[in-house]
Amino acid sequence: MCPLVALVATLAFLAFASPSLAATADQWRSRSIYQVIIDRYSLPQGADPTKCNTADRTWCGGTWNTLRENLDYIQDAGFTAVWISPVSQNYQGSTTPYGDPYHGYWIADATQLNDHFGTSDDLKALSDELHRRGMYLMVDVVVNDVMATSTNPDLSTYMFKNSSQYHPYCVIDWNNNTSIERCWLGDTVVPLPDINTEDPTVVSGFGDWIESLVKAYNIDGLRIDAAKHVNMDFWPVFCARAGVFCIGEVFGSDPVEAASFQGPNGLDSVLHYPMYDSLVEAFTIPGPLNTTAVSDMMAQSKALFKDTGVLGNFLENQDVPRWHNISVDPQSLYNAMVFTFMSDGIPIVYYGQEQYLNGNSDPYNREPLWPSGYANTTAYQLVTTLNKFRNFLTQNSAWLHSSANVLATTEYGIAIMKGDVISIMTNIGSPVRSTTKIRAQLKSITMSSILTCVHWVVGSNGTVEVAYTLGGQPVVLIPSSELPGSGLCGFSSSSTDSSKYVSSADSAHAHSNRFTYSFVMGLIGLIGLSFW
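Parameters and conventions
Residues numbered from 1 in each chain as written. Predicted model: local features only at pLDDT ≥ 70, side-chain atom pairs only at ≥ 80, totals over all residues. Heavy atoms only, no water. Pairing = 2+ DSSP bridges. Helix = DSSP H or I, 4+ residues; strand = E, 2+ residues; numbered from the N terminus. Contact = heavy atoms within 4.5 Å. Axes fitted to C-alpha atoms, helices over the stretch in contact; angles between N-to-C directions. Polar contact = N/O pair within 3.5 Å; in protein donor to acceptor, adjacent residues only side chain to side chain. Buried < 20%, exposed > 50% of the residue type's maximum accessible area, 1.4 Å probe, protein only. Parallel < 35°, antiparallel > 145°, perpendicular 65-115°, else oblique. Left-handed = near helix turned anticlockwise from the far one by under 90°. Nonpolar A, V, L, I, M, F, W, Y, C, P; charged D, E, K, R; others polar. Expected span 1.5 Å × (residues − 1). Phe/Tyr/Trp six-rings, centres within 6.5 Å; stacked < 30°, edge-to-face > 60°. Disulfide = S-S within 2.5 Å. Salt bridge = Lys/Arg side-chain N within 4 Å of Asp/Glu carboxyl O. Core = buried A, V, L, I, M, F, W, Y, C linked by side-chain atoms within 4.5 Å.

A. Up close: the sheet that holds strand β10 (residues 346-350). Here we have 8 strands laid out as an open sheet, ordered β8-β7-β6-β3-β2-β1-β10-β9, and parallel in their pairing. Sheet topology places β8 (269-270) and β9 (312-313) at the edges, where each strand pairs with a single neighbour. Two strands pair when backbone bridges link them, and strand β2 (residues 81-84) and strand β3 (residues 136-141) are joined in this way by 4 bridges, in the parallel orientation. Pairing of Trp83 across the sheet is with Met138, part of β3. Here helix α6 (residues 120-132) sits on the sheet and contacts β2 and β3; the angle it forms with β3, its principal contact strand, is near 140°.

Encoded structure:
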C-alpha cells in the first residue's frame, strides 16, 4: 500500500473507531442508543441465572466485563452507541429499606469507581471494545446529589467534604424553581443531600473530575441525571470541561421547561419527556388514543427547541413503567417505536424493551435481561430493521438534517414525512378495523416498504394502498429508487445483514377488504394531504 493510501486509511479508521476525541452533538445525531443498567444486562459465566429477584432490590451480578462479552446482541440489532448506568462509587453501608444501590445512582465519592461492576481496566476494556466496533460510549453521571441514610450525614465519605458545599436540608416545593434546584431529592429514609453547584470549589472540582473521567475512559457522551435540579449556569462550564455531548434528564411533560435546558446556556440536548408523554397518550392500549397529542408536540418542539434532531426519543427507561406494562397490545409498541426512529431525534431503546419486559415502577422496571434468553423476538427484529434503515439514511442522504412534518392525523393514526421517507403509525392495535384512508400528493410514484419489502405500484388514479391482514401494523415507505446500498429488501450493503422485521402488512393488490390506508400520489411534489 502506498504511503498516501495508508495515511488516508488510517485517518478513516481513527475517525470511525476512536470517536471519543470529543464527540459532538452533530456526531451523536446519527447514532442510535441502547440503554443498559449494568447489573441487569448479563451474568458472568457460571452464575446462577435464577437468583435475581427484582423485588429484592439488590445486586444480581452484571459487570462491565459481562456487558463487553455480550455486545454482539446490541451490535447485531444495529445500535451504534451504548448508554451505561453510573460508574462512580455508591453507598457502601448496610442494606436500606429501599435495598442496595445496584442501579448505580446512589453516589458516594464520584471520583472513585464502583467496584461492584469491575476495575478501571475493566471499564477501559469495555470502552476500547465499543470503539473497536465503531460504537460510542455514553456514561450516566450524577452531580446533583449524593446518597445518605439521614439528613445529617458524615461528609467524610463523599467527594465534597465541607458542609458549605451542600445545600441545607429542605423538602422540595415543586412549584418553586429555587426549591427544585436546592432542596433534597429522596426522603427521610434515603435522603439525597443536594450538592451546592453554585459554590466555585464544587464547580472546579466537578470540572476536574469529569475532564479526567472522559479522558481516562475515552467516553463519547454523558447522560446527566436530574439535570433540572441543578442551576442552569453550571451546565455550560461542566460540559465544556467534559468536551463531549451532554444530554440531560429534565423529567416532566412541559416542553417549555424542557426546551429551556437546550442551548449554549444549558445542555446540548435533553431526553424528550414531553414527546414520551404524547406517545403514551396516542398509542397505549387501553388509553385515550389521542394522536393529536403527537402532532401538537411535534409543532411545539419545532417552535421551542433549538435542535430537535438531537433530542432523546424513548419509550422506556429506569424511571417510567415498561411499555408492555401500560399497553397490552404489542402493535402499540411497534408503532410507537417506529416514531422514535423515523422522526426527529436520537432513538433510545432501554434494555429489554425488545424482549417485552413488563415491570411497572422502580424496582420492577429494572428486571434482569437474561431470563429472556436474548431471543430474536418480533420487537428485536423490528429494532434491527429500523436501525439498519436509519443508519443507511444517515450515511447516504440528507434525511438526517431534514425536519419531520406531519402529513395527516386521524383518531386512528398519524403519518409523518422526514426527507423522502413516509412513516404511518396507527393505534388500532391487532384487530382489523373498517377502511380508513389517507390522501397525499407526493413526488414519487413507486414506493417500497422497508418492513415487508413489498413494492406499491401506483395505479392509473395515482393511488397506492397499504392493507393490513392482522390489524394495525406500522408502515415505513421510501421511493424504491433510493433503496440500493441499504442492505434491505435484497439490496447489498457493506454491513452484515440481519433479521428482517416480520409483519403481516401486505400489498393491497394481493389482499382486499381490510383496514387500509390509501395514498394518492402525484408527480408535481407535495401539495396537500387530508384524512377522510
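B. Focus on the side chain of Thr284. Among the structural elements, Thr284 can be located in the loop between α11 (273-283) and α12 (292-304). Reaching out from Thr284, the side chain makes a polar contact with the backbone oxygen of Val280 at a distance of 2.6 Å.

C. Local environment of the side chain of His103. Tracing the chain through its elements places His103 in the loop between β2 and α6. Residue classification places His103 among the buried positions, given a relative accessible area of 6%. Among residues more than four places away in sequence, those in contact with His103 are Ile37, Ser85, Pro86 and Arg366.

D. Layout of unusual backbone geometry. That bond from Ile285 to Pro286 is cis: its omega, 5°, falls within 30 degrees of zero. Note on placement: Pro286 falls in the loop between α11 and α12. The linkage connecting Asp362 with the following residue, Pro363, adopts the cis geometry, with an omega of 10°. Here Pro363 is to be found in the loop between β10 and α15 (378-396). Positioned with a positive phi, Tyr356 is a non-glycine residue whose angle comes to about 60°. Within the fold, Tyr356 resides in the loop between β10 and α15. When its relative accessible area of 21% is taken as the criterion, Tyr356 is described as partly exposed. Positive phi, close to 55°, is recorded for Cys489, a residue that is not glycine. If you trace the backbone, Cys489 turns up in the loop between β18 (475-479) and β19 (505-507). Overall, the relative accessible area of 26% leaves Cys489 in the partly exposed class.

E. Quick look at the packing of helix α14 (residues 330-342) against α15. Contact geometry for α14 and α15: axes closest at 10 Å, N-to-C directions at 20°. What the angle tells us is that α14 and α15 run roughly parallel. Every pair of crossing elements has a handedness; the one defined by α14 and α15 is right-handed. Taking contact as the criterion, the partners of Leu333, Tyr334, Met337, Val338, Phe341 and Met342 in α14 are, on α15, Thr378, Ala379, Leu382, Val383, Leu386, Asn387, Phe389 and Arg390. A per-class count over the contact of α14 with α15 returns 11 nonpolar, 2 polar and 1 charged.

F. Molecular detail of α12. Under the 1.5 Å per step criterion, the end-to-end length of α12 is 18 Å for 13 residues, consistent within 8% with the ideal 18 Å. For α12, the full list of buried residues reads Ala293, Val294, Ser295, Met297, Met298 and Ser301. At its buried positions, α12 is contacted by α10 (255-260), α11, α14, β11 (405-410) and β12 (413-418).

G. Examining the packing of aromatic side chains more closely. A complete count under the given rule lists 24 aromatic pairs for this structure. Ring centres 5.2 Å apart and planes at 55° place the aromatic pair Tyr34 and Phe79 in the tilted group. One end of the pair, Tyr34, is in strand β1 (residues 33-36); the other, Phe79, is in the loop between α5 (72-76) and β2, and 45 residues separate them in sequence. Both residues of the pair, Tyr34 and Phe79, belong to the buried class. The interplanar angle of 90° and the centroid separation of 6.4 Å between the aromatic rings of Phe206 and Phe238 together place this pair among those described as edge-to-face.

H. Focus on the state of the cysteines. By the definition in use, this model includes 4 disulfides. A disulfide bridge connects Cys170 with Cys183, and the sulfur atoms are separated by 1.9 Å. Sign of the S-S torsion, about -105° for the bond between Cys170 and Cys183, identifies this disulfide as left-handed. Pair noted here: Cys170 is in the loop between β3 and α7 (177-182) and Cys183 is in the loop between α7 and β4 (185-186), with a separation of 13 residues, a long-range link. Numbered in order of appearance, the disulfide-bonded cysteines of the protein are paired 1-2, 3-4, 5-6, 7-8.

I. Structural detail: α14. An ideal rise of 1.5 Å per residue puts 18 Å on 13 residues; α14 measures up with 19 Å between its terminal C-alpha atoms. In terms of residue burial, α14 counts as a mostly covered element, since 12 of its 13 residues are buried. For α14, the set of buried residues is Gln331, Ser332, Leu333, Tyr334, Asn335, Ala336, Met337, Val338, Phe339, Thr340, Phe341 and Met342. A distance of 2.8 Å separates the backbone nitrogen of Gln331 from a side-chain oxygen at the start of α14, and that oxygen is part of Asp329.

J. Structural view of the pattern of salt bridges. This structure, assessed with the given rule, holds 19 salt bridges. Between Asp72 and Arg133 there is a salt bridge, and its shortest N-O distance comes to 2.8 Å. On the criterion of sequence distance, the pair formed by Asp72 in helix α5 and Arg133 in the loop between α6 and β3 is long-range, its members being 61 residues apart. The partly exposed category is assigned to Asp72, whose relative accessible area is 43%.

K. Spatial organisation of the nonpolar core. If you look at the biggest cluster of nonpolar residues, it comprises 124 residues, and the most contacted ones within it are Ile74, Ile84, Leu222 and Phe238. Apart from residues lying up to four places away in sequence, Ile84 is in contact with Val36, Ile38, Trp64, Leu67, Leu123, Leu126, Leu137, Met138, Val139 and Asp140.

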